[in-house]
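# Topology and contacts: notes
Listed below, chain by chain, are the residues.
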Amino acid sequence: MAEVEDSIALRVLVLALVILGIVATDIAADTRFSLWAVPSSMVGAIWANYSRQNPNIPVKFCIAIGMLVALGALFGRLLGELNDTRLSLAELLIQLQVLHSFDTPRRKDLGYSIVIGLILLGVAATLSQTLSFAPVLLLFLAIALPTLVLDYRSRLGLKQLSFKKEKFNKQNSSSLNFKFLIQSFLLILGLGLLIFAVMPRFPGYQLRTFPVSSPINVKGSFTGRSIINPGYVRQGNGNNQGNVTGKGRNGQPGKVDDSFYYGFNSQMNQNLRGEMKPKVVMRVRSQAEGFWRVLAFDKYTGKGWEISRNEEVTTFRRSPWSYQIFLTPQAITGKTKEIIQTYTVVADLPNLIPAMADPKEIYFPTPVIAVDKENGLRSPVELSENLTYTVVSAVPYRDRTALGKAATKYPSHIQKYYLNIPPEIAEKVRQRTEKILADYNQERVSRSLDNKSLDSPYEKALYLAQYLKQNYSIPENPFGLPYLDEKEDLVAAFLFKNKGGYPDHFSTVLTVMLRSIGIPARLVAGFAPGEFNPFTGMYIVRNTDAYAMTEVYFPKHGWFTFDPIPNHPLIPPSIEETQTFSVLRSFWHWVAGWLPSPVTGLLNNVFGAIFSWITSAIAWFLALFSQGWLGILTGLILATTASFFCWLFWVQWLSWLNRRWLHKLPPMESLYQQMLQWTAKKGLGKHPAQTPLEYGRVSYQHHSPATAQVIDEICQAYVSWRYGGDTPNWKQLRQKWQELKQRKSDRPH
């Protein structure tokens, strides 16, 4: 019969690990498994310890039956979780662990429980979207260290600790050294954070199963023509065109809602004033940073925008056995990259579905969605709290050279909808735009344009966006600008009267200016990427991250955004940027957000100079190998020399650490350790199983009598001091030891 595990301490610690795994799953997935699983596991652990010496055949039979029932329940749950089975599998694992806890007589059985606790923690890590999971992870690590120590002692057959009878004094501290455990905990934590920060991030979602909320039933028929924004109060006649009361109709003065972005509607009234109160609305996990696009407008009204073809939408249905909905791909010939994003709604949003540009698949909990003519996604229901969905987008690469060569012959449907300007301002805006472009060579407002000639729509769009950033301003007071009169135009007031406007006004002005010179453009509204949390890998998106940009059409390449708003990047985040080590950069941005601006600026300059020098040095070194045999030889010589100095530094560093460690030890302990290190270098080190006295006696067989006598005296003095409490004459012993090391004739026999 296998040996029974009698260590109460080990059993308690294993139970604690299992409970932490269950609690972590509850915290990460917002479930309530702990309410029944934790007390059941405790009861099972007590019963297993009480009956560990018995065969427990009836209990084993009941456990087997219970596991079969749990497996059957899993298959039933999987029918409702077609795309994301992690939570169902975690529930099965918790049920199996509760059953298993009633029969854990051997150390191996406790080992299974440790593994289950670790797996539950891993599942919780994949489900977690906030830092609330972090304290449980640290606590799990702190408990896991002594658990592994006791498990290892059990494997070696050593006597287990008894908390009632044995005190942790200096003589037995090696059994469970709390100082060592604390140091190990801090070391593992530090190394883990360092590895996490610098580890390359490769694209995830390799398995084609994506998180989606439970199915949502839709009552009645869904046409997709209505936009439901909780921030707008509907008129009593049920008009679904986005007119509002209390907050300003289309073009009329009013105040913005303090919670919901005013632009997420079929009409966008930019004659509103005010600002929103920040609150988190979404958490996004994405393979690349991007602009979470919501909807676009094609018709400029003079004081805002409208979706002129709001009634023309296309509905897409999913199959009954899958959450996957295939969308019509955009007709572009340029290179694209598949980007997968998963969105979790934290606060109520309109029935508009945020997604990166050019979505081709969506995994959504409703049986149908709609797509409008501006490629905006619409849901049959408002996006409520805790709703989760996944989007697969074919995002086009932003190749400046290719876009600069794009044709300027636009299809008729593009010219029809994306070149319209109110006739009252068309000529005046065109003249102003052409004058800005004509003065390009004299003004040179941006070095980022590389002094390129403005001979293409792409370069003109870049220049105009940068021009608006540097020559017009945003008022500090959200109510600082007067409301527009009934016959006043927003673009004209921006360019010729106010010399600026609010952030979204910049995008409106750029869009109209581009249209005035024959470049198709439209206004697009959505969310900025948000604040990246390097610990969860999620983008935290707030309602105040919503804003509008300009989208410009390039034949065969599609729509690309330009951001003319001051203090925003000219070009939104692009998939061209490498994401391999982006977590380190995002981690620094997260830390910098907590530091004062002067400190952040100083550190940015210092680290920027260091990284610039390192990058230049690496590029110069690699360039040597492309300069023929002489360059290769030079590179090898430099690499060998650098390796030698690194090795020399490493040896000296270890030597310094060793001297520092010896200096901190008591004199007798230090002398004994020095002696062991010296004999180890001679090839006759002490075996871990040998006692000091045994080693002293064996030394006569391998060393000269004089050397062996000194070694034996040091060993005896060390034992007397360490275990007998005597005070040896360590100064005399040190003198003998120094004389011994100076001899050159001592050699092993």
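Residues numbered from 1 in each chain as written. Predicted model: local features only at pLDDT ≥ 70, side-chain atom pairs only at ≥ 80, totals over all residues. Heavy atoms only, no water.

## Some points on the pattern of salt bridges
A side chain of one charge can pair with a side chain of the opposite charge when the charged atoms of the two come close. Our working definition: What counts as a salt bridge is simple: a side-chain nitrogen of Lys or Arg found within 4 Å of a carboxyl oxygen of Asp or Glu. Strands are runs of DSSP state E lasting at least 2 residues, helices are runs of H or I lasting at least 4, and numbering of each runs from the N terminus. Note on classification: 1.4 Å probe, protein chains only; a residue is buried when its accessible area is under 20% of the maximum for its type, exposed when over 50%, partly exposed between these limits.
Applying the stated criterion across every chain yields a total of 19 salt bridges. K277 is the salt-bridge partner of D258, the closest N and O atoms lying 3.8 Å from each other. Residue D258 is found in the loop between β1 (254-255) and β2 (267-269), and its partner K277 is found in the loop between β3 (272-273) and β4 (280-286); the two are separated by 19 residues along the sequence. Here D258 falls in the partly exposed class, since its relative accessible area comes to 31%. On the accessibility criterion, K277 (57% relative accessible area) is exposed. With its nearest N and O atoms 3.0 Å apart, the salt bridge here joins R293 to E551. In this pair, R293 sits in strand β5 (residues 292-297) while E551 sits in strand β19 (residues 546-554), placing the two residues 258 residues apart along the sequence. Like E551, R293 is buried. Beyond isolated ion pairs, a larger network of salt bridges with shared partners links R293, R309, E374, R522 and E551.

## Focus on empty space enclosed by the protein
So the rule is basically this: A 1.4 Å probe that fits into a set of points on a 1 Å grid over the protein atoms alone but cannot get out defines a cavity; an open set with protein on both sides within 12 Å along at least five of seven lines defines a pocket, and lining residues are those with an atom within 4 Å of a point. Grid points are joined across faces, edges and corners, and a volume is the space filled by probe spheres set on the points. Residue polarity follows a fixed list, in which Ala, Val, Leu, Ile, Met, Phe, Trp, Tyr, Cys and Pro are nonpolar, Asp, Glu, Lys and Arg are charged, and the others, Gly among them, are polar.
The tally for this structure, following the rule as stated, stands at 8 cavities of 30 Å³ or more. In terms of lining residues, the largest cavity is bounded by 18 residues, among which A357, V395, R398, T561 and P573 are the most central. Counting residues per element, the ones that place at least two in the lining of the largest cavity are β15 (388-396), β19 and β20 (558-562). For the lining of the largest cavity, the element with the highest residue contribution is β20, accounting for 3 residues. Its boundaries defined by the atoms lining it, the second largest cavity holds a volume of some 100 Å³. Along the walls of the second largest cavity sit R11, V14, L15, V18, S41, A45, A48, Q97, S101, T104, L110 and S113, which together make up its complete lining. When residues in the lining of the second largest cavity are grouped by element, the largest group, 4 residues, is from helix α1 (residues 8-29). A class-by-class count of the residues in the lining of the second largest cavity yields 6 nonpolar, 5 polar and 1 charged.

## Description of the environment of F33
Cut-off, in case you're wondering: By definition in these notes, contact holds between two residues if any of their heavy atoms fall within 4.5 Å.
Topologically, F33 is positioned in the loop between α1 and α2 (34-50). Along the chain, F33 and E91 lie 58 residues apart, while their C-alpha atoms are 7.7 Å from each other. Once you skip the residues sitting within four places of it in the chain, F33 turns out to touch I22, T25, D26, V38, L87, E91 and I94.

## With respect to the environment of T727
Locating T727 in the fold gives a position in the loop between α20 (705-724) and α21 (730-742). Residue classification places T727 among the exposed residues on the basis of a relative accessible area of 76%.

## Thoughts on the UniProt feature "transmembrane region" (unreviewed entry) in the chain
To be explicit about the condition: UniProt positions are given in the numbering used here, feature names are shortened, and annotations may be inferred rather than shown by experiment.
In the numbering adopted here, UniProt assigns the feature "transmembrane region" (unreviewed entry) to residues 7-27, 57-79, 110-127, 134-152, 180-199, 602-623 and 629-650. Along residues 110-127 the backbone is 100% helical and 0% strand, and the end-to-end C-alpha distance reaches 26 Å. When the span residues 134-152 is considered, its composition is 100% helix and 0% strand, and the gap between its end C-alpha atoms is 27 Å.

## Considering the pairing of strand β13 (residues 368-372)
Heads up, the condition is: At least two bridges found by DSSP between two strands are what make those strands a pair.
Burial within β13 is extensive, with 5 of its 5 residues counted as buried. Of the two faces of β13, the one carrying V368, A370 and D372 and the one carrying I369 and V371 are both buried. Pairing of strand β8 (residues 313-317) with β13, which is carried by 5 bridges, proceeds in the antiparallel orientation. Of the residues in β13, the one forming a bridge with F316 is I369.

## A word on the pairing of β19
Burial within β19 is extensive, with 9 of its 9 residues counted as buried. Alternating positions in β19 separate into two faces, A546, A548, T550, V552 and F554 on one and Y547, M549, E551 and Y553 on the other, with burial throughout. Counted between consecutive antiparallel strands, the loop separating β19 from β20 contains 3 residues, among which K556 sits at a positive phi close to 70°.

## Topic: α1
Owing to its 3.6 residues per turn, the α-helix aligns residues three or four sequence positions apart on the same side. What counts, and what does not: The length a helix should cover is 1.5 Å for every residue beyond the first. Here a polar contact means two N or O atoms within 3.5 Å. Within protein one must be a hydrogen donor candidate and the other an acceptor candidate, and residues neighboring in sequence count only if both atoms are side-chain atoms.
Over its 22 residues, α1 runs 32 Å from end to end, which matches the ideal 32 Å to within 8%, given 1.5 Å per residue. For α1, the side-chain oxygen to backbone nitrogen distance between the N-cap and L10 is 3.1 Å, and the N-cap itself is S7. Of the residues flanking the end of α1, it is D30, one or two places downstream, whose phi is positive at about 55°.

## Details of the sheet that holds β13
Spatially, β8-β13-β14-β11 is the arrangement adopted by the 4 strands of the open sheet, whose pairing is antiparallel. Bordering the open sheet on either side are β8 and β11 (352-353), each of which pairs with just one other strand.

## Some points on a nonpolar patch on the surface
The test is simple: Patch definition: residues above 30% relative accessible area lacking any salt bridge, with like charges linked at up to 9 Å and the nonpolar side chains Val, Leu, Ile, Met, Phe, Trp and Tyr linked at up to 5 Å. All accessible areas in this document rest on Shrake-Rupley with a 1.4 Å probe, and a residue is counted as covered only by the protein chains that are shown.
Among the surface-exposed residues, L602, V606, I610, W613, I614, I618 and L622 lie close enough to one another that they form a single nonpolar patch of about 700 Å² accessible area. Mapped onto the secondary structure, L602 falls in helix α16 (residues 597-624). For L602, a relative accessible area of 54% gives the class exposed.

## Section: the packing of aromatic side chains
So the rule is basically this: Between the rings of Phe, Tyr and Trp (Trp by its six-membered ring), a pair exists once the centres lie within 6.5 Å; its type follows the angle of the planes, with under 30 degrees stacked, over 60 edge-to-face, and the other angles tilted. Remark: a charge is flagged as sitting over a ring if the NZ atom of Lys or the CZ atom of Arg is within 6 Å of the ring centre and within 35 degrees of the ring normal.
A full pass over the atoms with the stated rule returns 30 aromatic pairs. Each ring, one from W678 and one from W737, has its centre 5.3 Å from the other, and the planes form 85°; the classification is edge-to-face. Taken together, the residues W678 in helix α18 (residues 667-681) and W737 in helix α21 connect sequence positions 59 residues apart. Residue classification places W678 among the buried positions, given a relative accessible area of 15%. One aromatic cluster is present, formed by W292, Y343, F364, Y389, F532 and Y539 through successive ring pairs. Against the face of F260 rests K279, its NZ or CZ located 5.0 Å from the ring centre.

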